[in-house]
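Residues per chain, in single letters:
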Amino acid sequence: MAALLSAFTPIWTLTAIGYAVGRSGLLGDRAEAVLGRFVFHVAMPAALFTMVSGARPASFANPSMVAFAAGTALVCGLGFLAAGRLFGRGTADRAIGGMASGYVNSANLGIPVAVQVLGDASFVAQIILFQVLLVSPVILTLLDAGTGVGTGPGSRRRVAVRRMLTMPVRNPIIMASLLGLAVSALGLRLPHALAHSFDLLGAAAVPTALITLGLSLNARPSADGSAEAVPDVAPGAEAADPVPGAGAGRTGRAEVVVTVALKTLLQPLIAFVVGGPLLGLPEHQLLAVVVCSALPTAQNVFVYAQQYGRDTGMARDAVVASTVVSMATLSLAAWALGTTGS
């Protein structure tokens, strides 16, 4: 338990600092929006480029990743469906619901937890690649489609196709990942000074995202008592999702409970069933799959919701609540399957 507390401490500390800064008004009224743009358009792309360019994407083609991917795909799909059928969300907000249900905090929390519980973080590196190269593009495509506009059915279809084809150029997250993949595939290496510059810039992504998350906890309540969504929209996301019920500021406790239950309970359970009875993974690999699947929702969900002008309240609450609940589920997984790390 002490190891888990140590891994969670930076998350709570930086979020609390962001909350305190927001309460004080030190950075002004636009701090959350400006820092969110910095993370989405500058720091996070630098971090992803550095990460992907120095890795081998083929490394995640193994049975352990199959088990993890199965849990991620099923839970993201269920979260997407639940957001629409149970809570009346439109396409873009359903994409956020699906991401909040199955996109794990693999970087700033997954790495220390893996080191403490598993003894190394090699599997976490594979998960990071899987989420960056496969999961994020799907989520961002849905977000882009859900926030597009058109004057008629035919025009809407043409706009949707054009936006989907041009999204890698317009979206800094996908562009950085693709550039990193190209550098890795070609076996290129950046000059040390340039690579170090990207390292420094990318290192700002996680702490700034957590500070921004803390700032969001000071959001003004809307008429129904829930937090107002940030109105800032990513380039190319010109209009809100036209589907009824997709409006911002409609976060309810039930939606957060369902999302957190999918993330912290169902996702590791599916990973256990697929990795254990179905694939027969060795004990250490099964432990790695289940522990990593039990990680909480990544703060990337909040950043994406913010930059696409969606309801940041649900994303924010899912990140915070799943981080609290996952301390118990991670401890249970480590106890039930047996820790093998130091």
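Residues numbered from 1 in each chain as written. Predicted model: local features only at pLDDT ≥ 70, side-chain atom pairs only at ≥ 80, totals over all residues. Heavy atoms only, no water.

Asks: Lay out helix H2 (residues 31-53) in plain terms, naming residues and giving numbers.
Replies: Given a rise of 1.5 Å per residue, 23 residues ought to cover 33 Å, and the 31 Å separating the end C-alpha atoms of H2 matches this to within 8%. The largest bend in H2 comes to about 45°, at Val-39. (Helix = DSSP H or I, 4+ residues; strand = E, 2+ residues; numbered from the N terminus. Expected span 1.5 Å × (residues − 1). Bend = angle between axes of the 7 residues up to and from the residue.)

Asks: So, the packing of helix H3 (residues 63-85) against helix H12 (residues 283-293): which residues are in play, and what are the values?
Replies: It is the contact of H3 with H12, at a shortest axis distance of 10 Å, that shows an interaxial angle of 30°. Relative to H12, the element H3 is oriented roughly parallel. As H3 packs across H12, the resulting crossing turns out to be right-handed. Contacts from Ser-64, Ala-67 and Phe-68 in H3 reach Gln-285, Val-289, Cys-292 and Ser-293 in H12. The class makeup of the residues in the contact of H3 with H12 is four nonpolar, three polar and no charged. (Axes fitted to C-alpha atoms, helices over the stretch in contact; angles between N-to-C directions. Parallel < 35°, antiparallel > 145°, perpendicular 65-115°, else oblique. Left-handed = near helix turned anticlockwise from the far one by under 90°. Contact = heavy atoms within 4.5 Å. Nonpolar A, V, L, I, M, F, W, Y, C, P; charged D, E, K, R; others polar.)

Asks: Let's hear about the pattern of salt bridges: which residues, and what values?
Replies: Applying the stated criterion to the full structure yields four salt bridges. Here Asp-311 and Arg-89 are joined by a salt bridge, their closest N and O atoms 3.0 Å apart. Pair noted here: Asp-311 is in the loop between helix H13 (300-307) and helix H14 (312-337) and Arg-89 is in the loop between H3 and helix H4 (91-102), with a separation of 222 residues, a long-range link. For Asp-311, a relative accessible area of 2% corresponds to the buried category. Residues Arg-310 and Asp-93 are paired through a salt bridge, measuring 2.9 Å at the closest nitrogen-oxygen approach. (Salt bridge = Lys/Arg side-chain N within 4 Å of Asp/Glu carboxyl O. Buried < 20%, exposed > 50% of the residue type's maximum accessible area, 1.4 Å probe, protein only.)

Asks: Tell me about the packing of aromatic side chains, and name the residues and values.
Replies: Per the stated rule, a full pass over the model turns up five aromatic pairs. Relative to Tyr-304, the ring of Phe-40 lies with its centre 5.8 Å away and its plane at 85°, an arrangement referred to as edge-to-face. One end of the pair, Phe-40, is in helix H2; the other, Tyr-304, is in helix H13, with 264 residues separating them in the sequence. As far as the burial class goes, Phe-40 and Tyr-304 line up, both buried. The interplanar angle of 85° and the centroid separation of 6.0 Å between the aromatic rings of Phe-68 and Phe-130 together place this pair among those described as edge-to-face. Of the two residues, Phe-68 sits in helix H3 while Phe-130 sits in helix H6 (residues 122-146), which places them 62 residues apart along the sequence. You can call Phe-130 buried: its relative accessible area is 9%. Through successive ring pairs, a cluster of aromatic residues spans Phe-40, Tyr-304 and Tyr-308. (Phe/Tyr/Trp six-rings, centres within 6.5 Å; stacked < 30°, edge-to-face > 60°.)

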